[in-house]
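The lines below spell out each chain.
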2 protein chains.
Amino acid sequence: MSTMTLFHSPASPFVRKVRVLLHETGQQERVALQEVQTSPVAPSPELLAGNPAGKIPALRLADGSVLHDSRVILDYLDSQHVGEPLIPAAGHARWRRLTLASLADAMLDAAVLLRYEQALRPADKRWDEWSAAQLEKIEHSLAYFEREALAEIDSRFDIAAIGLACALGYLDLRQPQLAWRERYPGLAAWFAEVERRPSMLASAPSR
Amino acid sequence: MSTMTLFHSPASPFVRKVRVLLHETGQQERVALQEVQTSPVAPSPELLAGNPAGKIPALRLADGSVLHDSRVILDYLDSQHVGEPLIPAAGHARWRRLTLASLADAMLDAAVLLRYEQALRPADKRWDEWSAAQLEKIEHSLAYFEREALAEIDSRFDIAAIGLACALGYLDLRQPQLAWRERYPGLAAWFAEVERRPSMLASAPSR
């Protein structure tokens, strides 16, 4: 029986991280999904209760309290299963994997800001330098994952790998013209494998 | 002797959180500050080594590895002292305090985006609806802290309180016209006290 409610929107890559972790740790049944219509310039009123910044995802617990944002929710849910944690508890591994996850989040932040610039902001108010700067962050981050972190990422499907997988999936959804696979064949091969995981298939956004 | 290097810029509220935690936990001497000139549309090359998204703050450890972003650095540094942790280790307190810290971060994200819109983006490309949406997030968050979380925040100067204090300090620096104290007297009284803490004084941005 579901005792928690996850406020989500289907295309949100930050929500997807949570859904993937739920699946990987066998906790899907514990969480009911509730879709909310929201936009960065028009937040949903139902979302704002206990969540005044209108964050998606937000997780309402059985006692009515609300957790956000995605990192806090991931930390919470990872503490609620008996398997090996997807966030290492301590030591070098913890901060290295969290830094890689933070890099994936930074790539997502840039990709989301780019999407707002291209699809939400009126055409005459778009600023090319801003879009170029977001694209550069994405490109630098992809290059780092390909050249410096591929073996690490490939070693375990944990918090860092989930973050990267959801970031690559979001680039495919919103920035397909980037054609990142051409420049990053190692990431392409890795993603071809992980996107077939049940957790990734079950959380894939519809195109 | 300093064994770590914190890449910082003096006005960054995300850096300030780290500096406050270092001070509160007696670790200032362990970290050398290195200022970097950076901008969201012109990242600094020295910053990008091991930190491809150009995040500020970034923390270089003695072994040369680099941690980012501010949340990961706070988590790391909080594990490196012998006092009571400023991030509760487990239980309800952990996720509640992290959610409040995340709300303070959301307020900061909105305030930083607002600043970019007002001061960085060319005047003819500014979008009033975007600025209004950021202001609304800040306002909702302030109202929540005042009405729902003031006693909690006041109970301990930990990760949640540090986040809020740095967010309020940043509003004073960049959005003084908001005059938030007029609408949130409880927060004003709390902040008047905490901004006199040595950790807050030592990390205050110059106006």
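As the structure is a prediction and not an experimental result, all values here were calculated from the model.

1. Some remarks on the interface of chain B and chain A
Turning to step 1, where the next piece is worked out: Residue-level contacts link 36 residues of chain B with 36 residues of chain A.
Turning to step 2, where the next piece is worked out: Of all the secondary-structure elements, those providing two or more residues to the side of chain B that touches chain A are α3 (70-78), α4 (91-120) and α5 (128-148) of chain B.
Turning to step 3, where the next piece is worked out: By residue class, the composition of the side of chain B that touches chain A is 19 nonpolar, seven polar and ten charged.

2. Quick word on the sheet that holds strand β4 (residues 66-67) of chain A
The pairing of strands in a sheet comes from backbone hydrogen bonds and takes either a parallel or an antiparallel form.
Residues and elements named next belong to chain A.
Turning to step 1, where the next piece is worked out: Within the open sheet, the four strands sit side by side as β2-β1-β3-β4. Their pairing is mixed. Only two strands of the sheet have a single partner each, and these edge strands are β2 (31-35) and β4.
Turning to step 2, where the next piece is worked out: Bridge analysis of strand β3 (residues 58-60) against β4 gives two bridges, and the strand direction is antiparallel. Counterpart to L59 in the pairing with β4 is L67.

3. Here we look at the domain arrangement of chain A
How large an interface is tends to be reported as the accessible area lost when its parts come together.
All names here are of chain A.
Turning to step 1, where the next piece is worked out: Assigned domains of chain A: these are domain 1 (4-78) and domain 2 (91-197).
Turning to step 2, where the next piece is worked out: The centre of domain 1, based on its C-alpha atoms, is set 21 Å off from the matching centre of domain 2.
Turning to step 3, where the next piece is worked out: With ten residues of domain 1 in contact, the opposing surface of domain 2 contributes twelve residues.
Turning to step 4, where the next piece is worked out: Sorting elements by how many residues they give to the side of domain 1 that touches domain 2 places helix α1 (residues 13-24) first, with seven residues.
Turning to step 5, where the next piece is worked out: Partitioning the side of domain 1 that touches domain 2 into residue classes produces seven nonpolar, no polar and three charged.

Cut-offs used in this document
- Residues numbered from 1 in each chain as written.
- Chains lettered and ligands numbered in written order.
- Predicted model: local features only at pLDDT ≥ 70, side-chain atom pairs only at ≥ 80, totals over all residues.
- Contact = placed C-beta atoms within 7 Å.
- Helix = DSSP H or I, 4+ residues; strand = E, 2+ residues; numbered from the N terminus.
- Nonpolar A, V, L, I, M, F, W, Y, C, P; charged D, E, K, R; others polar.
- Pairing = 2+ DSSP bridges.
- Domains from an automatic or database assignment.

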